[in-house]
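As a plain string of letters, each chain reads:
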Amino acid sequence: MDTKRLIIVAVGGQGNLLASRVLGEAALLQGIPVHMSEIHGMAQRGGVVESSIVFGDAESTIISDGEADVFVSFEPSEALRALGRCKKETVTITNLSPLPPFTVAIGKGVYPEIDNVTELLAEKTKRLIAFDAVKLAEEAGNVLSVNMVLLGALIETGVLPVNAEAIREAISTKTKKAFVDVNLKAFELGFAEAAKH
Amino acid sequence: MHKLLTDNPGQKMLMLGNEAIARGAIEAGVAFTASYPGTPSSEISLNFFQMSKESDLYFEYSINEKVSVEVSAAAANCGVRSMCVMKHVGMNVAADALLTLAYIGVTGGMVILTADDPFMFSSQNEQDNRYYGKLAGLPVLEPSSVAEAKEMTKQAFELSEALGEPVILRTTTRINHSTGVVELGDITERKTKGDFIKDPMRCVTVPAVSRGLHVKLLANLAKAEEIACTSPMNRVDGEGTLGIIVNGVSYSYVKDGLKDLGATDKVKVLRLGFSNPLPKELVLGFIKGCEKVLVVEEGEPFMEEAVKAVAQENGLTLPICGKGEHLFSRLYEFDPKMVRNIMASCFELAPVPSQSVDTSNVPEIPNRPPNLCAGCSHRATFYAVKQATQGMDVIFPSDIGCYTLGFMPPLSTGDFVLCMGASTSTSAGFSTVTDKKVISFVGDSTFFHSGIMGLMNAVFNNHNFTLVILDNRITGMTGHQPNPGVDMDEMGFEGYNSIDIEGLVKAAGVKHVSVVRPYNLKKSIAAIKEAVEFEGVSVVIAKEKCTLYAKSLKQLTGKKFQVNPDKCKNHRDCIDTIACPAFTTEGGRVRINEEMCAGCAICAQICPENAILPVKK
């Protein structure tokens, strides 16, 4: 089986660990070998949280710079920060709703222009899917379902061997019961949105 | 039922490395477990804690790592399978017990897990704890994958009983915090009770006894080496005249790399999972057939030096490479591309071309450092201390926990951070040799862990400083584990006692003790001023529940705040002095992110225009 490498970056609290978990469970359901790695600890202190997920025949759980086949960013400036993870063939998905770091508020840095973010991502990677995932999460019924919206967009790209049906099942069985309906709706909205890009 | 107690052999489950280790221990029939939490090992303890609430597994959050090893050592000397879990630096705390326990040994299997943290994702150093195996004379096992972490945990118990010695299970962050598919095995029935057979000539380490025990330990080590030479944990893959010797997670990078380089028929690999004592015969047989050997190991040249010694003892002169220029670094962690490239250059193989995108025209992205949470009471305490000591030249020793983050501007309340508990003892040194005021910070859990010893030392030796105990009623940084000061009833657990910090501090002989609620700035500042004026050791206990913990208990009831734009004159005292992450700026004006605001009202007390007001619903 081909190896496919996925990097997800987010800000602590945005729920990328749950998105990774759902992907892993879906891979398990389909019998696809999966290895994941994530850095915990600082997640709830507002730092950057990164997950790497390797599907198919490989042993490593982490992904080196320039080796991601698909890249998902939950926050636009974080997409640029982690751009070095990509290669020319990478399919990139980013949420466009910004979460400026606190350093910007105290004048210790300048937040990049969103247009500049999308230009650079489009210029350097193969396909860019950029949209406001927060808006779609709100439409799904809960702003916290941004992770499921982006998961939907990710699956639409078809880069990963994981299919939508397995994801739906993993959402239904592995996310909190009270949120399953919202999560499923968010997933579908993200999937449909990606098809437009 | 807890998922790790699932009794369904053959079922495949997605598990975090730490879950796999906890499951391995359950399958081995572990009955007694103890831990002081520390990233990257924390989820092992958490799973033991959860399982102990619905089974006869014993688990305790011990006060520190040394205590966890000692309680487990006693259980293991009653024939009960025991395990204790710690992060790498915890092993330093436990080392006193560990090194002599190696002399005494165990009668039931005992596994000591050390989770090392190359790159220091959440640690103060990246020490390589394989050396503890060498120092103590104990076997060290190192899994290379999540699935193997479970199997090796079981094997560690068997090895421990075969040798009558505790076994060190050594992981790194990329094992603990990786996730993979694990197949469940049979669960061995737990034997929760044992008996202590008195044997003073083995268990009482007076010099005359220990002289004999050291002989026994060396004999055990020789036996361990013999086992390691034929253990399936040490295995050779592939063939060729080029050799790689590798341990731990690097094995996965080597395997992927050799495949990418198309070199699986040129390079053979010796994976050492049972890495201490070095299986010399096995290593000798492996390197004899090689023209060149590359040792791939994160951290120190632990195997490399031992392999070179084997070559020297046997008159072999083949090049053995590992650490060095153009080779591997002793710093940080490895990654697949790094390992692949070094294998290619060392063995003169055609490298895989880099596909990295050019990032030279990407603008600098503003940093996103971790920050104290919105509403964190530590921020309020730090602010109060700064206000109470305006104009004074103060040294602020701090300690290990969320509050270490107070070292960053604008709070700037951390000048010296060494190790768990050192705030109280370093304060004594600073105050003795400088004429400056010293105010130190320690969290509740760290105070119990080891900070209290420095405080008692300070009282006895009549030192002069103020200790602020940041009592947020929980162990915050590692994810809300209990400590001896925690109200366990509130957490929903019965059968515990609680230790009152104020009573403890007073009993230790501190003459000036005050307790403040940090959200009340005026009273806090006044109490800190008084404490600072006191000659001798004074203690201020800043007592307020961790905001995240309070939120999880649904106790966060404060109103959210917003800046009234008509009243605000843009002094920016709020944003400039407390740096709460709930502040944002819009068009040069300060706003509060209502989603994040925890309602602590610190900023409202600081604003000179009283422009920060509760949001009206």
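Residues numbered from 1 in each chain as written. Chains lettered and ligands numbered in written order. Predicted model: local features only at pLDDT ≥ 70, side-chain atom pairs only at ≥ 80, totals over all residues.

An unreviewed UniProt entry annotates chain B as Indolepyruvate oxidoreductase subunit IorA of Desulfoluna spongiiphila. Turning to chain B, the UniProt record has this under Subunit (unreviewed entry): "Heterodimer of the IorA and IorB subunits." (UniProt positions renumbered as here; feature names shortened; annotations may be inferred.)

Naming follows an unreviewed UniProt entry, where chain A appears as Indolepyruvate ferredoxin oxidoreductase, subunit iorB of Desulfoluna spongiiphila.

K.L.:
Would you take a moment to explain the overall build of chain A for this structure?
P.N.:
A tally of regular secondary structure across chain A gives 8 helices and 6 strands. The order of helices and strands in chain A, counted from the N terminus, is β-α-β-β-β-α-β-α-α-β-α-α-α-α. In terms of overall size, chain A behaves like a compact globule, its C-alpha atoms giving a radius of gyration of 16 Å where 197 residues would be expected to give roughly 16 Å. Referenced to the eigenvectors of the C-alpha coordinate spread, the extents of chain A come out at roughly 50 × 35 × 35 Å. Taking as baseline every contact in chain A between residues at least 6 positions apart, the subset at least 24 positions apart corresponds to 69%. (Helix = DSSP H or I, 4+ residues; strand = E, 2+ residues; numbered from the N terminus. Rg over C-alpha atoms; globule rule 2.2 N^0.38 Å. Contact = placed C-beta atoms within 7 Å.)

K.L.:
What exactly am I supposed to notice about the overall build of chain B here?
P.N.:
Each helix and strand counted, chain B has 22 helices and 23 strands in total. Over its C-alpha atoms chain B spans a radius of gyration of 27 Å, differing by no more than 12% from the 25 Å that the globule rule assigns to 617 residues.

K.L.:
Sorry, what's going on with the interface of chain A and chain B here?
P.N.:
Think of interface size as the accessible area that goes away when the parts come together; that is how it is often given. Opposite the 51 residues of chain A that make contact, chain B presents 42 residues. At the level of elements, helix 1 (16-30), strand 2 (34-38), helix 2 (76-81), strand 5 (86-95), helix 3 (102-105) and helix 4 (114-124) of chain A are the ones that each hand at least two residues to the side of chain A that touches chain B. A per-class count over the side of chain A that touches chain B returns 22 nonpolar, 18 polar and 11 charged. When strand 2 of chain A meets strand 8 (residues 178-183) of chain B, the two strands line up antiparallel, connected through 2 bridges. Paired with Ser-37 of chain A across the two strands is Ser-178 of chain B, which belongs to strand 8 of chain B. (Nonpolar A, V, L, I, M, F, W, Y, C, P; charged D, E, K, R; others polar. Pairing = 2+ DSSP bridges.)

K.L.:
Can you walk me through the sheet that holds strand 1 (residues 4-11) of chain A in this structure?
P.N.:
Backbone hydrogen bonds hold the strands of a sheet together, and the pairing may be parallel or antiparallel. The 8 strands lie next to each other as 6(A)-5(A)-4(A)-1(A)-3(A)-2(A)-8(B)-1(B), forming an open sheet whose pairing is mixed. A single partner strand is all that each edge strand has here, and the edge strands are strand 6 (127-131) of chain A together with strand 1 (12-16) of chain B. If you compare each strand with its neighbour and ignore which way they point, the axes differ by 20° on average. Sheet analysis places strand 1 of chain B next to strand 8 of chain B, joined by 5 bridges and oriented antiparallel. From the neighbouring strand, Met-13 of chain B faces strand 8 of chain B, where its bridge partner is Val-182 of chain B. (Axes fitted to C-alpha atoms, helices over the stretch in contact; angles between N-to-C directions.)

K.L.:
Just to check I follow, could you spell out the domain arrangement of chain B for this structure?
P.N.:
Residue and element names in this part refer to chain B. Considered domain by domain, chain B is made up of domain 1 (3-229), domain 2 (233-346), domain 3 (377-552) and domain 4 (561-614). For domain 1 and domain 2, the distance between their C-alpha centroids amounts to 27 Å. The partner domain 2 presents 23 residues to the 25 residues of domain 1 that form the contact. Those elements that place two or more of their residues in the side of domain 1 that touches domain 2 are helix 5 (130-136), strand 6 (140-141), helix 6 (146-163), helix 7 (173-176) and helix 9 (207-230). With 5 residues, helix 9 is the single largest residue contributor to the side of domain 1 that touches domain 2. Residue composition of the side of domain 1 that touches domain 2, by class: 13 nonpolar, 5 polar and 7 charged. (Domains from an automatic or database assignment.)

K.L.:
Can you help me understand the sheet that holds strand 16 (residues 437-443) of chain B in this one?
P.N.:
Residue and element names in this part refer to chain B. Taking strand neighbours across the sheet as the criterion, the 5 strands line up as 15-16-17-19-18 in an open arrangement whose pairing is parallel. The sheet terminates laterally at strand 15 (394-395) and strand 18 (512-516), the two strands that pair on one side only. Direction of pairing for strand 17 (residues 465-471) relative to strand 19 (residues 537-543): parallel, over a ladder of 7 bridges. In the strand pairing of strand 19, Val-468 is matched with Val-540. Packed on one face of the sheet, helix 16 (residues 444-460) meets strand 16, strand 17 and strand 19 and runs near 145° to strand 16.

K.L.:
Explain the pairing of strand 19 of chain B to me, please; I cannot follow it from the model alone.
P.N.:
Within a regular beta strand, the side chains point alternately toward one face of the sheet and then the other, so they alternate between its two faces. Residue and element names in this part refer to chain B. Burial of strand 19 is extensive: 7 of the 7 residues sit out of reach of the surface. Both faces of strand 19 are covered, namely the face carrying Val-537, Val-539, Ile-541 and Lys-543 and the face carrying Ser-538, Val-540 and Ala-542. In this sheet, strand 19 lies alongside strand 18 in parallel orientation, the contact comprising 5 bridges. By the bridge assignment, Ser-514 is partnered in strand 19 with Val-540. What joins strand 18 to strand 19 is helix 19 (residues 521-533), and the crossover it makes is right-handed. (Buried ≥ 20, exposed ≤ 12 C-beta atoms within 10 Å, placed from the backbone. Right-handed = clockwise from strand over helix to strand, strands pointing away.)

K.L.:
What is the right way to read the nonpolar core from this model?
P.N.:
Here is a general trend for soluble globular proteins: nonpolar side chains tend to be buried in one another's company. Residues and elements named next belong to chain B. Ranked by size, the top nonpolar core spans 109 residues in total, and within it Val-111, Leu-113, Ile-245, Val-254 and Val-307 carry the most contacts. Take this core: its biggest share by element is 10 residues, from helix 4 (residues 88-104). Lining this core are residues from two domains, each supplying at least three of them: domain 1 (3-229) and domain 2 (233-346). Not counting residues up to four positions away in its chain, the partners in contact with Val-254 are Ile-244, Val-246, Val-269, Val-296 and Val-339. (Core = buried A, V, L, I, M, F, W, Y, C linked by C-beta atoms within 7 Å.)

K.L.:
What is the right way to look at the packing of helix 15 (residues 422-433) of chain B against helix 16 of chain B in this model?
P.N.:
The axes of two packed helices give the description: the angle between them and the distance between them. All names here are of chain B. Axis separation between helix 15 and helix 16 bottoms out at 6 Å; the angle between their running directions is 30°. Between helix 15 and helix 16, the crossing angle belongs to the class labelled roughly parallel. Together, Ser-423, Thr-424, Ser-425, Ser-427 and Ala-428 of helix 15 and Gly-451, Gly-454, Leu-455, Asn-457 and Ala-458 of helix 16 make up the contact between the two elements. Grouping the amino acids of the contact of helix 15 with helix 16 by side-chain chemistry returns 3 nonpolar, 7 polar and no charged. (Parallel < 35°, antiparallel > 145°, perpendicular 65-115°, else oblique.)

K.L.:
So what exactly am I meant to see when it comes to the environment of Gly-10 of chain B here?
P.N.:
All names here are of chain B. By the secondary structure assignment, Gly-10 is in the segment before strand 1. Overall, the presence of 8 C-beta atoms within 10 Å leaves Gly-10 in the exposed class. Spatially, the C-alpha atoms of Gly-10 and Asn-92 are 39 Å apart, while their sequence positions differ by 82 residues. Discounting chain neighbours no more than four positions away, the residues touching Gly-10 are Glu-183 and Leu-184.

K.L.:
Any chance you could explain the packing of helix 11 (residues 280-288) of chain B against helix 12 (residues 302-313) of chain B here in plain terms?
P.N.:
Residue and element names in this part refer to chain B. Two elements in contact, helix 11 and helix 12, have axes separated by 10 Å at closest approach and are oriented at 75°. Relative to helix 12, the element helix 11 is oriented roughly perpendicular. Side by side, helix 11 and helix 12 meet where Lys-280, Val-283, Leu-284 and Ile-287 of the first sit next to Val-307, Val-310 and Ala-311 of the second. When grouped by side-chain class, the residues that make up the contact of helix 11 with helix 12 number 6 nonpolar, no polar and 1 charged.

K.L.:
Would you mind showing me how to read helix 12 of chain B here?
P.N.:
Each α-helix winds once per 3.6 residues, and so residues spaced three or four apart point in a common direction. Residue and element names in this part refer to chain B. The end-to-end C-alpha distance of helix 12, which contains 12 residues, comes to 17 Å, matching closely the 16 Å that a straight helix rising 1.5 Å per residue would cover. Among the residues of helix 12, Phe-302, Met-303, Glu-304, Ala-306 and Val-307 are the ones counted as buried. Just beyond helix 12, the residue with positive phi is Gly-315, at close to 70°. (Expected span 1.5 Å × (residues − 1).)

K.L.:
Would you explain the environment of Lys-560 of chain B in this entry?
P.N.:
All names here are of chain B. By the element assignment, Lys-560 lies in the loop between helix 20 (547-552) and strand 20 (561-563). Residue Lys-560 is classed as partly exposed on the basis of its 17 C-beta neighbours within 10 Å. Along the sequence, Lys-560 and Gly-588 sit 28 residues apart, while their C-alpha atoms lie 22 Å from each other. Not counting residues up to four positions away in its chain, the partners in contact with Lys-560 are Glu-594, Cys-597, Gly-599 and Val-615.

K.L.:
Is there a simple way to think about unusual backbone geometry in this case?
P.N.:
Across the chain, the bulk of peptide bonds are trans and the bulk of non-glycine residues have phi less than zero. Residues and elements named next belong to chain B. Of note, the amide linkage connecting Thr-39 to Pro-40 takes the cis form, showing an omega dihedral of 10°. The step from Asn-276 to Pro-277 runs through a cis peptide bond, and the omega angle for that step is -5°. Tracing the backbone shows Pro-277 in the loop between strand 12 (274-276) and helix 11. Although it is not a glycine, Met-120 adopts a positive phi angle of roughly 55°. You can see Met-120 is positioned in the loop between strand 5 (110-116) and helix 5. The class of Met-120 is partly exposed, set by 13 C-beta atoms lying within 10 Å. Of note, Asn-462 is a non-glycine position whose phi angle comes to about 55°, a positive value. By secondary structure assignment, the location of Asn-462 is in the loop between helix 16 and strand 17. By C-beta crowding, Asn-462 is classed as exposed, having 10 other C-beta atoms within 10 Å.

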